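# Report on the structure
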Amino acid sequence: MPAYRPLDATLTQPIAEPAPPAAHCSWRGAPAVCVLDGLAWIEQWRGKLQAANADRATSAKVSAGPQP
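Quick caveat, the model's predicted, so the values are computed rather than measured.

## Overview of the state of the cysteines
The final tally for this structure, using the stated rule, is one disulfide. Note that C25 is cross-linked by a disulfide to C34, the S-S spacing being 1.6 Å. What sets the handedness of the C25 and C34 disulfide is the S-S torsion sign, and at about 100° it is right-handed. The exposure class assigned to C25 is partly exposed, which follows from its relative accessible area of 33%. The exposure class of C34 is buried, given its relative accessible area of 16%.

## Comments concerning the confidence of the model for the chain
Overall, the prediction assigns the chain a mean pLDDT of 86, with 90% of residues at 70 or greater. Mean pLDDT in the chain bottoms out at helix 1 (residues 35–64), which sits at 89, and peaks at strand 2 (residues 30–32), which reaches 93.

## A look at the packing of aromatic side chains
Evaluated as defined, the whole model comprises one aromatic pair. Centroid distance W41 to W45: 6.2 Å. Interplanar angle 75°. Geometry classified as edge-to-face. With W41 and W45 both in helix 1, this residue pair falls four residues apart, about one helical turn.

Parameters at a glance
Residues numbered from 1 in each chain as written. Predicted model: local features only at pLDDT ≥ 70, side-chain atom pairs only at ≥ 80, totals over all residues. Heavy atoms only, no water. Disulfide = S-S within 2.5 Å. Buried < 20%, exposed > 50% of the residue type's maximum accessible area, 1.4 Å probe, protein only. pLDDT = per-residue confidence, 0-100. Helix = DSSP H or I, 4+ residues; strand = E, 2+ residues; numbered from the N terminus. Phe/Tyr/Trp six-rings, centres within 6.5 Å; stacked < 30°, edge-to-face > 60°.

If you want it as structure tokens, here you go:
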């Protein structure tokens, strides 16, 4: 009979996505996202990916059970 260990709530709650950057620049007269704002947004997503991967690693440790 398998036994399950409960996971911490931080490992099961969704990770909120970063808000999209505002259109502070313009291109051909239309509002546009500035390149620097877009690059900063990519780095925010990268941080979220790293947090998700850390959660996955912790989940793997928890689900593996006690190690001798």
